[in-house]
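Geometric and topological summary
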Amino acid sequence: MNPPTTPTDITDITRTVADIAAGEIGGGVQLAADTDLRAVQGVDSVKMLRMIAKIERAFDVELEDEDVFGISTVGGAAALVEQALRERV
Amino acid sequence: MTTIELPWSVLPDYRCFGCSPHNPGGLGLTFDPHPDGVCTRFQLDRRFESYPGVVHGGLVGVICDETMGNLIVLRRGRSAFTVSMRQRYVAPMLIGRPYTCVARLRAGADGGLFHTTAEVLDAHGAVCATATATYQPFTLADARARLALADDELAALSAALDTTALDTTAPNGA
């Protein structure tokens, strides 16, 4: 069961993931679905894991470690969230 | 913020490594209400060191497990055994620094199991570790054979648990 405010559409998921990632990076960074997060200045492995922790909490999902370490873009993270939400239903 | 009294406190000599005040080798964790569930604040010394200056990861697991387990006790009035727990270490936690562990109940309880999450945050609110876990509730009577409790202790603890749940309707009992 999804909390009422949890988006399930890939467009909305992508927007939420981008907002979370931008908030974690800070500095008003603008992120597109295909932005390479690991290439953004100031993003290291800890920052990536903090983004993932916030994303997992926002959507109440658990992402696999192998998938987490393969994430490079907002769109990639959003696709994993969408898949996790679909598998939960 | 007020520290919540644990039902185990009716046992004068309980020795839980995580939350007993009577175990000199333990962590002596105490729990406070939190808008999302319950939380505990802690700062570990070098007895709990792993790499130089870094808190041993196993202890982080203990603290998350302890906070999530007591969340179920305090918010649902149920004692529960840990069935499984996944820990993710986000950033090294340092000896001598203050941290807070916040535990929440997840939606979607099934088969009588409780699903929980926990986050360990540093003094700036940054996530250092996360955990998810599943717990199986039990009655003291059913677990009697596995617990070292005298009859009077069992009765006192059962009575304490019956009056512990702060709110069994809200998602996190808030």
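Keep in mind that this is a model prediction, so the values were computed, not measured. (Residues numbered from 1 in each chain as written. Chains lettered and ligands numbered in written order. Predicted model: local features only at pLDDT ≥ 70, side-chain atom pairs only at ≥ 80, totals over all residues.)

This brings us to the overall build of chain A. Across its full length, chain A carries four helices and zero strands. Along chain A, helices (α) and strands (β) appear in the sequence α-α-α-α when read from the amino end. For a compact globule of 89 residues, the expected C-alpha radius of gyration is about 12 Å, and chain A comes in at 12 Å, within 12% of that figure. Principal-axis analysis of the C-alpha atoms gives chain A an extent of 35 × 25 × 20 Å. Scored against the burial criterion, the 89 residues of chain A give a buried share of 31%. (Helix = DSSP H or I, 4+ residues; strand = E, 2+ residues; numbered from the N terminus. Rg over C-alpha atoms; globule rule 2.2 N^0.38 Å. Buried ≥ 20, exposed ≤ 12 C-beta atoms within 10 Å, placed from the backbone.)

Residue and element names in this part refer to chain A. With phi around 55 degrees, Asp-60 is a residue other than glycine that occupies positive phi space. Take Asp-60: it is sitting in the loop between helix H2 (45-59) and helix H3 (65-68). Assessed through the 20 C-beta atoms surrounding it within 10 Å, Asp-60 is described here as buried.

Glancing now at the sheet that holds strand E2 (residues 37-42) of chain B. Residue and element names in this part refer to chain B. A sheet is described by the order of its strands in space; here six strands give the open sequence E1-E2-E4-E5-E6-E3, paired in antiparallel fashion. Taken across any chain shown, the strands that pair with only one partner, and hence form the sheet edges, are strand E1 (32-34) and strand E3 (79-89). Ignoring which end each strand starts from, the neighbouring axes of this sheet average 25 degrees apart. Pairing of E1 with E2 involves three bridges; the strand directions are antiparallel. Across the sheet, the residue bridging to Asp-32 is Cys-39, located in E2. Contacts between helix H1 (residues 57-76) and the sheet are confined to E2, E3, strand E4 (99-105), strand E5 (114-121) and strand E6 (127-138), with E3 contributing the most and set at about 140 degrees to the helix. (Pairing = 2+ DSSP bridges. Axes fitted to C-alpha atoms, helices over the stretch in contact; angles between N-to-C directions. Contact = placed C-beta atoms within 7 Å.)

Residue and element names in this part refer to chain A. Remark: helix H1 (residues 10-25) packs on helix H4 (residues 74-88), axes separated minimally by 9 Å, with the N-to-C direction vectors making an angle of 125 degrees. Taken as axis vectors, H1 and H4 run oblique relative to one another. Considering only the axes of H1 and H4, their crossing is right-handed. Contact residues: H1 offers Ile-10, Ile-13, Thr-14, Val-17, Ala-18 and Ala-21, while H4 offers Val-74, Gly-75, Ala-77, Ala-78, Val-81 and Glu-82. Broken down by class, the residue content of the contact of H1 with H4 amounts to nine nonpolar, two polar and one charged. (Parallel < 35°, antiparallel > 145°, perpendicular 65-115°, else oblique. Left-handed = near helix turned anticlockwise from the far one by under 90°. Nonpolar A, V, L, I, M, F, W, Y, C, P; charged D, E, K, R; others polar.)

In this structure, Val17(A) and Cys101(B) are the most contacted members of the largest nonpolar core, which totals 54 residues. Among the elements of the structure, H1, H2 and H4 of chain A together with E2, H1, E4, E5 and E6 of chain B are those that each provide at least two residues to this core. A total of eight residues in this core trace back to one element, the largest contributor, which is H1(B). What Cys101(B) contacts, discounting residues up to four positions off in sequence, is Cys39(B), Thr40(B), Ile63(B), Cys64(B), Thr67(B), Ala118(B) and Val120(B). (Core = buried A, V, L, I, M, F, W, Y, C linked by C-beta atoms within 7 Å.)

On to H2(A). Residues and elements named next belong to chain A. Compared with the 21 Å implied by 1.5 Å per residue over 15 residues, the 21 Å span of H2 between its first and last C-alpha is a close match. Turning to H2, its buried residues number three or more, namely Lys-47, Met-48, Leu-49, Arg-50, Met-51, Ile-52, Ala-53, Ile-55, Glu-56 and Phe-59. Backbone geometry just downstream of H2 places Asp-60 in the positive-phi region, at approximately 55 degrees. (Expected span 1.5 Å × (residues − 1).)

It is worth spelling out H1(B) at this point. All names here are of chain B. If you check H1, its first and last C-alpha atoms are 28 Å apart, about what 20 residues at 1.5 Å a residue would give, namely 28 Å. The buried fraction of H1 is high, at 15 of 20 residues. One or two residues past the end of H1 sits Gly-77, with phi positive at roughly 65 degrees.

Let's shift gears to the confidence of the model for chain B. Per-chain confidence: chain B averages 90 in pLDDT, with 92% of residues scoring 70 or above. Among the scores for the predicted complex, ipTM is 0.81 and pTM is 0.88. (pLDDT = per-residue confidence, 0-100.)

If you look at the interface, chain B gives 12 residues, while chain A gives nine residues. Broken down by secondary-structure element, the contributors of at least two residues to the side of chain B that touches chain A are E5 and E6 of chain B. Top element by residues in the side of chain B that touches chain A is E6(B). It accounts for three residues. For the side of chain B that touches chain A, the residue count by class is five nonpolar, four polar and three charged.

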